[in-house]
Amino acid sequence: MPRRGNPFRPSFGASPRVLAGRGDLVEEFDTALDEGPGSPMRSVLLSGPRGMGKTVVLNELEDRARARGWHVIRLPEGPGLLVELERSVLPALLAEHDPAAEQRRVTGGGISAVGSLTTETTDTYPVDQSVSTMLARLVQIAESHGSGVLLTLDEVQAAPIEEVARLASAYQHLVRDEREVAFVGAGLPSGIGTLLDQQGSTFLRRAERVDLGPLREEEVRDAAVQTVRAAGRVISAEATERLGAIAHGYPYLLQLVGYQAWRAAGDAEVITHGDVASTLPVVVDRMSRLVHTPALRGVPQGQLDYLEAMALDDGPSSTGEVAERLGVSKQHGGVIRGRLMDRELIVPAGHGLVDVALPYLREHLRRR
């Protein structure tokens with residue numbers, strides 16, 4: 001019998017077979033598209049740490065818009081956002097969908113038995129057309145077919161603020177004119193916070209802020225069971241419980257643990273507790289490379305020292321004991337603690353206690 005393909009997809013940004021725990025958000029966005037201009041969920045800003053499924057949710061919302069016949073413009077990430085929009089993305093869309101995109105006029109003719117004509121093609125949308133003009137025309141075309149235009153931007157914190165401001169101006173004019181347009185952005189909480197503090201980000205401040213938190217353990221378990229069952233296998237109750245515990249509510253870890261457990265089961269019909277438990281070393285290593293290393297990049301040494309002092313504990317750390325280990329005053333330790341909270345690397349865990357915010361960050365720090 002041929003081996004069945006692995007149904008789990010542990011790649012950042014890859015849409016899973018079963019979307020866990022985000023149904024309410026998706027339904028609210030569906031409603032916003034159906035309600036028409038003025039619905040608050042037509043401008044949304046998704047935030048959450050790496051592995052929380054921001055890009056996956058973004059993909060799902062794009063699919064919902066496409067299902068309604070909307071044009072979806074996935075905005076280029078990072079510098080050059082507007083240049084790419086002006087020179088390639090919008091002209092290409094208009095050339096495809098606007099019946100007036102090309103005009104032919106007769107420039108010469110010849111008389112013969114069959115007759116002949118020479119023509120010249122004039123492009124209605126040369127590259128020097130503004131983003132505002134082209135975007136407004138695309139929205140007009142979409143509305144003529146009973147749909148609209150959705151703009152999406154991943155890694156919002158990487159977008160140059162001056163380019164975001166220009167894009168915001170074009171978008172806000174369309175919103176004020178009650179046109180069929182929507183926007184969804186996604187990014188890391190700390191980066192979004194910095195961006196929202198900048199002048200020119202008024203548009204983003206007015207968007208509905210949706211913080212994607214960890215999934216409930218029962219949502220993780222249900223998604224795992226559904227994914228395995230749809231692929232023709234069974235996962236035992238003990239294995240499901242263990243998977244939920246290892247995943248810590250992170251959609252990425254749900255996919256990673258499921259993927260590795262499926263492989264560990266080989267050709268067996270049932271995925272067991274042992275199959276799931278065997279995934280832990282891979283999970284810790286993958287989180288270390290793909291989540292923790294990027295999250296700690298650029299963190300000052302003093303804050304790293306604080307984290308490493310916390311990593312000596314198996315659970316929440318006493319702020320007083322951490323300061324004592326570092327040889328600093330409680331007041332100075334409090335300053336460092338506040339900065340680590342701003343970076344969302346640690347969280348309060350009770351009176352005088354803090355804990356690491358990311359799954360397996362403690363193990364990563366110990367390995368350092």
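Small disclaimer: the values here were computed from a predicted structure and weren't measured.

J.: Honestly, empty space enclosed by the protein in this entry has me stumped. Any pointers?
T.: Empty space among the atoms becomes apparent when a probe as large as a water molecule is rolled across them. Under the criterion given, the structure shown has 1 cavity of 30 Å³ or more. Looking at the largest cavity, the residues that line it are L81, L153, V164, L167, F183, F203 and L204. Contributions of two or more residues to the lining of the largest cavity are made by α5 (161-176) and α7 (202-205). A class-by-class count of the residues in the lining of the largest cavity yields 7 nonpolar, no polar and no charged.

J.: Mind showing me how you'd approach the side chain of H71 here?
T.: Note that H71 resides in strand β2 (residues 71-74). Residue classification places H71 among the buried positions, given a relative accessible area of 15%. Excluding residues that lie within four positions of it along the chain, H71 makes contacts with H97, L138, A142, G148, V149 and L150.

J.: How should I be thinking about the pattern of salt bridges in this particular structure?
T.: When charged atoms on two side chains of opposite charge get close, those side chains can pair. If you walk through the whole model with that rule in mind, you get 22 salt bridges. For D30, the salt bridge is made with R64, and the minimal N-O distance between the two is 2.5 Å. With D30 in helix α1 (residues 23-35) and R64 in helix α2 (residues 54-67), this residue pair connects regions lying 34 residues apart in the sequence. We classify D30 as buried; its relative accessible area is 10%.

J.: Can you walk me through the sheet that holds strand β7 (residues 208-211) in this structure?
T.: Sheet strands associate in pairs through backbone hydrogen bonding, adopting either a parallel or an antiparallel arrangement. The strand order across the open sheet formed by 5 strands is β2-β5-β6-β1-β7, and the pairing between neighbours is parallel. Across the chains shown, the open sheet's two edge strands, defined by having one partner strand only, are β2 and β7. Across the sheet, the axes of successive neighbouring strands diverge by a mean angle of 20 degrees, strand direction being ignored. Summarising the sheet, strand β1 (residues 43-47) and β7 pair through 4 bridges and their orientation is parallel. Directly across from L45, in β7, lies its bridge partner R209. Sitting on the sheet, helix α6 (residues 189-196) touches β1, β6 (181-187) and β7, and the angle it makes with β1 is about 135 degrees.

J.: How should the sheet that holds strand β12 (residues 353-356) be read in this particular structure?
T.: Spatially, β10-β12-β11 is the arrangement adopted by the 3 strands of the open sheet, whose pairing is antiparallel. Only two strands of the sheet have a single partner each, and these edge strands are β10 (317-318) and β11 (346-348). In this structure, β10 lies alongside β12, joined through 2 bridges in antiparallel fashion. Looking at the pairing, S318 lines up with L353 of β12. Most of the contacts of helix α13 (residues 301-310) go to β12, to which it runs at about 100 degrees, and overall it touches β10, β11 and β12.

J.: Help me out: how do you make sense of the packing of aromatic side chains in this one?
T.: For any pair of aromatic rings, the description consists of the separation of the ring centres together with the inter-plane angle of the planes. Throughout the structure, instances matching the rule amount to 1 aromatic pair. For R233, the ring lying beneath its charged end belongs to W262, and the centroid distance is 4.2 Å.

J.: Looking at this structure, I do not really get the environment of G274. What am I missing?
T.: The residue G274 is located in helix α11 (residues 273-277) in this model. With a relative accessible area of 44%, G274 lands in the partly exposed category. With 69 residues separating them along the chain, G274 and R343 place their C-alpha atoms 36 Å apart.

J.: Is there a simple way to think about the layout of surface pockets in this case?
T.: Put simply, the largest pocket is a space of about 520 Å³. Around the largest pocket sit 23 residues that line it, and P49, P189, S190, R343 and E344 are the ones nearest its centre. Those elements giving two or more residues to the lining of the largest pocket turn out to be α6 and α12 (280-296).

J.: Is there a simple way to think about the packing of helix α8 (residues 217-230) against helix α9 (residues 237-247) in this case?
T.: When two helices pack together, their arrangement is captured by the angle between the axes and the distance separating the axes. Running from N to C, α8 and α9 point in directions that differ by 125 degrees, and their axes come no closer than 9 Å. Considering their axes alone, α8 and α9 lie oblique with respect to each other. The chirality of how α8 crosses α9 is right-handed. The residues of α9 that touch α8, namely those facing E217, V220, R221, A224 and V225, are T240, E241, L243, G244, A245 and A247.

J.: In this structure, what is going on with the confidence of the model for the chain? I would like to understand it.
T.: Any region with low pLDDT has predicted coordinates that should not be read closely. Residues with a pLDDT of 70 or more make up 91% of the chain, whose mean pLDDT is 88. Contacts of residues 103-121 to residues separated by more than four positions or lying in other chains number 24 contacts, the stretch itself having pLDDT below 50.

Here is what the cut-offs are and how they apply
Along each chain, numbering runs from 1 in the same order as the chain's sequence is written. Whole-chain, interface and lining totals are the exception, using all residues; otherwise, since this is a predicted model, local features are given only for residues with pLDDT of at least 70 and side-chain atom pairs are given and counted only at 80 or more. Here the side-chain values reflect all heavy atoms present in the structure, with hydrogen atoms and water set aside. Residues are called lining when one of their atoms sits within 4 Å of a cavity or pocket point, these points coming from a 1 Å grid over the protein atoms alone, where a cavity is a set in which a 1.4 Å probe fits but cannot get out and a pocket is an open set with protein on both sides within 12 Å along at least five of seven lines. Grid points are joined across faces, edges and corners, and a volume is the space filled by probe spheres set on the points. The way it works is that DSSP assigns letters per residue, a run of H or I at least four long becomes a helix, a run of E at least two long becomes a strand, and they are numbered from the N terminus. Amino acids outside the nonpolar list (Ala, Val, Leu, Ile, Met, Phe, Trp, Tyr, Cys, Pro) and the charged list (Asp, Glu, Lys, Arg) are all regarded as polar, and Gly is one of them. Here's how the labels work: a residue is buried when its accessible area is under 20% of the maximum for its type, exposed when over 50%, partly exposed in between, all with a 1.4 Å probe on protein chains only. Throughout, a contact is declared for two residues whenever any of their heavy atoms are within 4.5 Å. For this analysis, a salt bridge means a side-chain nitrogen from Lys or Arg found within 4 Å of a carboxyl oxygen belonging to Asp or Glu. When DSSP finds two or more bridges between two strands, those strands count as paired. Note on geometry: axes are lines fitted to C-alpha atoms, helical ones only across the stretch in contact, with angles between N-to-C directions running from 0 to 180 degrees. Any pair of Phe, Tyr and Trp rings, taking the six-membered ring for Trp, is counted once the centres come within 6.5 Å. Such a pair is stacked with planes under 30 degrees apart, edge-to-face with planes over 60 apart, and tilted for the rest. Here, a charge over a ring is recorded when the distance from Lys NZ or Arg CZ to the ring centre is within 6 Å and its angle to the ring normal is within 35 degrees. Angular relationships are summarised with four words: roughly parallel below 35 degrees, roughly antiparallel beyond 145, roughly perpendicular across 65 to 115, and oblique for the angles in between. By definition, any crossing whose near helix is turned counterclockwise from its far helix by less than a right angle is left-handed, and any crossing with a clockwise turn is right-handed. The predictor reports its confidence for every residue as pLDDT, a score running from 0 up to 100.

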